[in-house]
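# Working through the structure, step by step
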Amino acid sequence: MTLKHSLSVSVAALLLSAQAAHGENLDVLMSQVFPEAQATYIGFESVERQDIPASAAVDRKYLIVDFRLASNQMASEQLQASVHKVCMALLKDRDLIRQLSDSGYDMVSVAFDRRSQFDCL
């Protein structure tokens, strides 16, 4: 194995472990945002719009954090407060925000159902 090949394998392993680490950190953080009786953290999804040029000023790569509410009905004020709570939990974790930014994420959105997403950053 050449030095160049060995270095490439090491860099690839480091990048994969860094992505897994920010995913684990995100999962832990998001699962602690709400009490179980209020909302359940489902997971996150990475979305990258291939139809938007990388040089465009429009967000190209974003993350959706997904929750399901215990009650299907939520007043607009409660929904807004819930989105704010998730966004603030993310913003307070500077290391996670830095990792997401370094991974190329332009924005984070919050979803409480399959119909609507609310942008954080």
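The structure under discussion appears in the preceding block.
All of these numbers come straight from a predicted model, not from anything done at the bench. (Residues numbered from 1 in each chain as written. Predicted model: local features only at pLDDT ≥ 70, side-chain atom pairs only at ≥ 80, totals over all residues. Heavy atoms only, no water.)

### Points about the overall build of the chain
Tallying secondary structure elements over the chain gives 3 helices and 4 strands in all. The helix and strand sequence of the chain, counted from the amino end, reads α-β-β-α-α-β-β. Within the chain, the proportion of its 121 residues that are buried is 30%. Accessible area for the chain stands at about 8200 Å²; split by element, carbon and sulfur atoms hold 53% of it. (Helix = DSSP H or I, 4+ residues; strand = E, 2+ residues; numbered from the N terminus. Buried < 20%, exposed > 50% of the residue type's maximum accessible area, 1.4 Å probe, protein only. Areas by Shrake-Rupley, 256 points an atom, 1.4 Å probe, with all protein chains shown as cover.)

### Some points on the layout of surface pockets
Approximately 180 Å³ is the volume found for the second largest pocket. The wall of the second largest pocket is formed by Ile 42, Gly 43, Phe 44, Glu 45, Ile 64, Asp 66, Arg 68, Ala 111, Asp 113, Arg 114, Ser 116 and Gln 117. For the lining of the second largest pocket, the leading source of residues is strand 1 (residues 39-48), giving 4 residues. Broken down by class, the residue content of the lining of the second largest pocket amounts to 4 nonpolar, 3 polar and 5 charged. (1 Å grid on protein atoms, 1.4 Å probe; cavity = no way out; pocket = protein on both sides within 12 Å on 5 of 7 lines; lining within 4 Å. Points joined across faces, edges and corners; volume = space filled by probe spheres on them. Nonpolar A, V, L, I, M, F, W, Y, C, P; charged D, E, K, R; others polar.)

### Description of the nonpolar core
Counting 22 residues, the largest nonpolar core has Leu 26, Met 30, Val 65, Phe 67, Val 86, Leu 90 and Phe 112 as its most contacted members. Those elements that provide at least two residues to this core are helix 1 (3-31), strand 1, strand 2 (61-69), helix 2 (76-92), helix 3 (94-102) and strand 3 (107-111). When residues in this core are grouped by element, the largest group, 5 residues, is from helix 2. Residues contacting Val 65, with those up to four places away along its chain left out, are Leu 26, Met 30, Tyr 41, Gly 43, Phe 44, Val 86, Val 108, Ser 109, Val 110 and Ala 111. (Core = buried A, V, L, I, M, F, W, Y, C linked by side-chain atoms within 4.5 Å. Contact = heavy atoms within 4.5 Å.)

### Let's talk about the sheet that holds strand 2
Ordered in space as 1-2-3-4, the 4 strands form an open sheet in which the pairing is mixed. Where the open sheet ends on each side, the last strands, each with one partner, are strand 1 and strand 4 (117-119). Recorded for the sheet is a direction-independent mean angle of 25° between the axes of neighbouring strands. Judged from the 9 bridges that link them, strand 1 and strand 2 form a sheet pairing that is antiparallel. Note that in strand 2 the partner of Ala 39 across the bridge is Leu 69. (Pairing = 2+ DSSP bridges. Axes fitted to C-alpha atoms, helices over the stretch in contact; angles between N-to-C directions.)

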